[in-house]
Amino acid sequence: MNAHIGDDAASYALGMLDELEQSRIDEHVASCPACAAALAQAFDDVAAIAEAEPQHAPPMSLRPPARMQHKASWWMPAFAAVAAAIAIAVLPSAYFYGENQRMHAAMLADADAMARIASSPHRAVAFAGANANVMYGTDGSWYCVIVRGATKPMQVAWMHDGRQTMLGTVTPHGDVAILYLPKSHRMDQLALVADDQMVGQARLVF
Amino acid sequence: MTAIAQSWQPGKQLGARRTLVSMHADSPDEALACAFAGKEPWAFEEAYRRFGTLLYSTAYNVLANREDAQDCVHEALARVWRSPDAYSRAKGSVRSFLVVCVRNEAITRLRSKTRRLRLVDRVAAEPQEHDELRTIDFVEHDRLRAALAALPPEQRRPLELAYYEQKTHTEIARELDQPLGTTKSRIAMGLRKLGAALGARS
């Protein structure tokens, strides 16, 4: 067995090793549970930092490529040749079928998100002063702010200890603006802010 | 729970394809880890669905370009898909493993010289058009800043150079004028403390 990985666990997790060094460690941890645990822990550390950094909405096209939907096997190349011939023959309809499938997958993902909200205990309260509501999990694990008739982006703030902590921006699409906030805090007072002015306030009960 | 909500349970539409191993696991994370190690196609679909935002953001925060970030996520996952032993249960959670894979792929891309030049061009050509897509969780961000500030400076500085500037050990050792071994161990120590402060260590 090679030497234990020590500080290289952190180096691996931080992307500071080349492929050769990485595969040397992969090989070692396959037969050394202690080093595997140290490596997994370093991965968790880096993931915790990545999660605390600004998050960006991925494009809708971020979906698994078709090749990940089925496992390849020895007959795949031959099958692919036949499939390609068929695909060329029916390319236009195949394209629309593919688009349809993608839209369907996007709708299923939305339905999943809605189902998570609908199936967990939640409450909804209106913002005083604005045509807006907040739905939230009674365990404080998520908040969904919905603003109707919004014409410009607004900020959602958490009011606590005499301070405002900005949580995010609700951007209108059409005349509805929605902001989903996965959180781990119970926030009992939220405010809507537009142009540095508080335009609505909601009190949440847990 | 209503009948509609029941029929919409996450992952239900993929359930028929799950194997006995993953169905019998104790938790959704456990099930995903088993299925991921077994390279079941639904596990990859589920990983995209559950961790898409985190993985894309991880890539974006290194590459600062939407297309590059998206390519990077695809390439990192495809690499795991292609190599039979890339992930095993011993490597911990699928989520952390994929964050590291995506981040490593992003750093490799960033280090390539031509990419770096293209990046400069693109960043210059794209003013703040993506800002509306960006959600800063200020509570989380404050927590990260506070945790970093709490590290001893001799650990914080090399860790910042490694994480935020993607520098190599040699570059950091030279910049801070300290031996390579010292640099490595200070980064490792800093990462352990930061992870603990962010709740990644029990």
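Parameters and conventions
Residues numbered from 1 in each chain as written. Chains lettered and ligands numbered in written order. Predicted model: local features only at pLDDT ≥ 70, side-chain atom pairs only at ≥ 80, totals over all residues. Pairing = 2+ DSSP bridges. Helix = DSSP H or I, 4+ residues; strand = E, 2+ residues; numbered from the N terminus. Axes fitted to C-alpha atoms, helices over the stretch in contact; angles between N-to-C directions. pLDDT = per-residue confidence, 0-100. Parallel < 35°, antiparallel > 145°, perpendicular 65-115°, else oblique. Contact = placed C-beta atoms within 7 Å. Nonpolar A, V, L, I, M, F, W, Y, C, P; charged D, E, K, R; others polar. Buried ≥ 20, exposed ≤ 12 C-beta atoms within 10 Å, placed from the backbone.

1. Description of the sheet that holds strand β6 (residues 163–170) of chain A
Residues and elements named next belong to chain A.
Logical step 1: Spatially, 4 strands are ordered β6-β5-β9-β10 in an open sheet, and the strand pairing comes out antiparallel. The open sheet has two edge strands, β6 and β10 (197–203), and neither has a second partner. The sheet shows a mean angle of 30 degrees between the axes of neighbouring strands, direction not considered.
Logical step 2: The pairing of strand β5 (residues 154–160) with strand β9 (residues 189–194) spans 4 bridges and is antiparallel.

2. A word on the confidence of the model for chain A
Logical step 1: A residue-level look at chain A finds 75% of positions with pLDDT of 70 or above and a mean pLDDT of 81.
Logical step 2: When pLDDT is averaged over each element of chain A, helix α1 (residues 8–13) of chain A comes out on top at 96 and helix α4 (residues 76–89) of chain A at the bottom at 65.

3. A short note on the packing of helix α10 (residues 169–176) of chain B against helix α11 (residues 180–197) of chain B
All names here are of chain B.
Logical step 1: Closest axis-to-axis distance for the α10/α11 pair is 9 Å, and the angle between their directions is 105 degrees. On the basis of the axis angle, α10 is roughly perpendicular to α11. Residues His 169, Thr 170, Ile 172, Ala 173 and Leu 176 of α10 form the contact with α11, whose participating residues are Leu 180, Thr 183 and Lys 184.
Logical step 2: For the contact of α10 with α11, a count of residues per class yields 4 nonpolar, 3 polar and 1 charged.

4. Remarks on unusual backbone geometry
Residue and element names in this part refer to chain A.
Logical step 1: Of note in this structure, Asp 195 is not a glycine but carries a positive phi near 50 degrees.
Logical step 2: Along the chain, Asp 195 falls in the loop between β9 and β10.
Logical step 3: For Asp 196, which is not glycine, the phi torsion reads 65 degrees and is therefore positive.
Logical step 4: Position of Asp 196 relative to the elements: it lies in the loop between β9 and β10.
Logical step 5: Residue Asp 196 is classed as exposed on the basis of its 6 C-beta neighbours within 10 Å.

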